Amino acid sequence: MYAKKGNKYLDKKYQSEKVMKFIRTPHDLWEQLNKEFNFTLDSCASDKNYLCEKYYTEETNGLIHSWEGEIVYCHPMYDRYLPKWVEKCATEKCISVMLLPASTRTKYFHDFCYNKPNCEIRFLPNIHKNGKSGYFMTTDDGDIQEGRTGYIRPLMILIFRNC
């Protein structure tokens, strides 16, 4: 994420995978999705921030396990592995729901999502709360970094129905 600070861009530390490593879904959005789908597996969690009783962490690697028959919530890091998560959700014999940037120009979007009968795409509106814009992802401890702007790039929910 780039944001101006004076005449310069913010330090690289604000854009690294390390800082963004354990972001979590905004609570209101999670509640709404879980009410609709009743998830059985959180495929991209940590031991501190899992959202379902059954979950995979970076160490246990949800990409290498079968999700067959599960109802999966998948909010991966927005990093170089993101296309692998999309492919997994698109091909595994389960229902998978993903929260992702609305990157409609990417190869994975066209290969696995756009005009695919097993994929429903929901584009999320940009929200505004208390004069701030964007979705506020929490840290691994569930804290929201106060005074910061939320994730302001467009987001989408992908729902893959492969049962």
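Residues numbered from 1 in each chain as written. Predicted model: local features only at pLDDT ≥ 70, side-chain atom pairs only at ≥ 80, totals over all residues. Heavy atoms only, no water.

> Whenever I open this one, the overall build of the protein chain confuses me. Can you help?
The helix and strand tally for the protein chain stands at 3 helices and 9 strands. The N-to-C order of helical and strand elements in the protein chain reads β-β-α-β-β-α-β-α-β-β-β-β. In the protein chain, which comprises 163 residues, the share counted as buried stands at 41%. Put simply, of all contacts in the protein chain between residues at least 6 apart along the chain, 61% involve residues at least 24 apart. Only carbon and sulfur atoms are counted for the fraction: they give 50% of the accessible area of the protein chain, which is about 10,100 Å². (Helix = DSSP H or I, 4+ residues; strand = E, 2+ residues; numbered from the N terminus. Buried < 20%, exposed > 50% of the residue type's maximum accessible area, 1.4 Å probe, protein only. Contact = heavy atoms within 4.5 Å. Areas by Shrake-Rupley, 256 points an atom, 1.4 Å probe, with all protein chains shown as cover.)

> Got a minute to help me understand the pattern of salt bridges in this structure?
Any two side chains of opposite charge can pair, given that their charged atoms come close. With the rule as written, the count across this model stands at 6 salt bridges. Of the charged contacts in the structure, one is a salt bridge between K107 and D111, with a shortest N-O distance of 2.6 Å. One end of the pair, K107, and the other, D111, are both in helix α3 (residues 107–112), 4 residues apart, so they sit about a helical turn from each other. For D111, a relative accessible area of 34% gives the class partly exposed. Salt bridges sharing partners connect three or more residues here, namely E36, E120, R122 and R161. (Salt bridge = Lys/Arg side-chain N within 4 Å of Asp/Glu carboxyl O.)

> Hey, could you run me through the nonpolar core in this one?
Across soluble globular proteins, nonpolar side chains have a tendency to be buried as a group. The biggest cluster of nonpolar side chains holds 23 residues, and the ones touching the most others in it are W67, V86, M98, C113, L158 and F160. Every element with two or more residues in this core is listed here: β4 (71–74), α2 (82–91), β5 (95–101), α3 and β9 (155–161). The element best represented in this core is α2, accounting for 5 residues. If near-sequence neighbours (up to four positions away) are discounted, F160 is found in contact with V86, C89, A90, C94, I95, S96, M98, F112, C113, N118 and C119. Grouped together as the second largest cluster of nonpolar side chains are 14 residues, W30, F39, C52 and Y73 included. (Core = buried A, V, L, I, M, F, W, Y, C linked by side-chain atoms within 4.5 Å.)

> Where do I start with the side chain of H75 in this structure?
Along the polypeptide, H75 turns up in the loop between β4 and α2. What makes H75 buried here is its relative accessible area of 3%. Among the polar contacts listed, one links the side chain of H75 to the side chain of T25, at a separation of 2.8 Å. (Polar contact = N/O pair within 3.5 Å; in protein donor to acceptor, adjacent residues only side chain to side chain.)

> Would you explain α2 in this entry?
Residues of α2 that are buried: L82, W85, V86, K88, C89 and A90. Where α2 is buried, its residues touch β4, β5, α3 and β9.

> Can you walk me through unusual backbone geometry in this structure?
Glycine aside, negative phi is the norm for most residues, and most peptide bonds take the trans geometry. Residue N61 is not a glycine yet carries a positive backbone phi of 50°. Inspection of the secondary structure assignment puts N61 in the loop between β3 (41–42) and β4. Unlike most non-glycine residues, N115 shows phi in positive territory, near 60°. Positionally, N115 belongs in the loop between α3 and β6 (119–124). Its relative accessible area of 66% is what places N115 among the exposed residues.

> Would you take a moment to explain the confidence of the model for the protein chain for this structure?
Atomic detail in the predicted coordinates should be set aside for any region of low pLDDT. Per-residue confidence for the protein chain averages 82 on the pLDDT scale, and 70% of its residues sit at or above 70. For residues 1–20, every residue scores under 50 in pLDDT, and the model assigns this stretch 19 contacts once sequence neighbours within four places are set aside. (pLDDT = per-residue confidence, 0-100.)

> Explanation requested: the environment of E70 in the structure shown.
Relative to the helices and strands, E70 is located in the loop between β3 and β4. Linking E70 and S96, residues 26 residues apart in sequence, is a C-alpha distance of 8.1 Å. Apart from the residues within four sequence positions on either side, E70 is in contact with T40, L41, K54, C94 and I95. Within polar-contact distance, the side chain of E70 engages the side chain of T40 at 2.5 Å.

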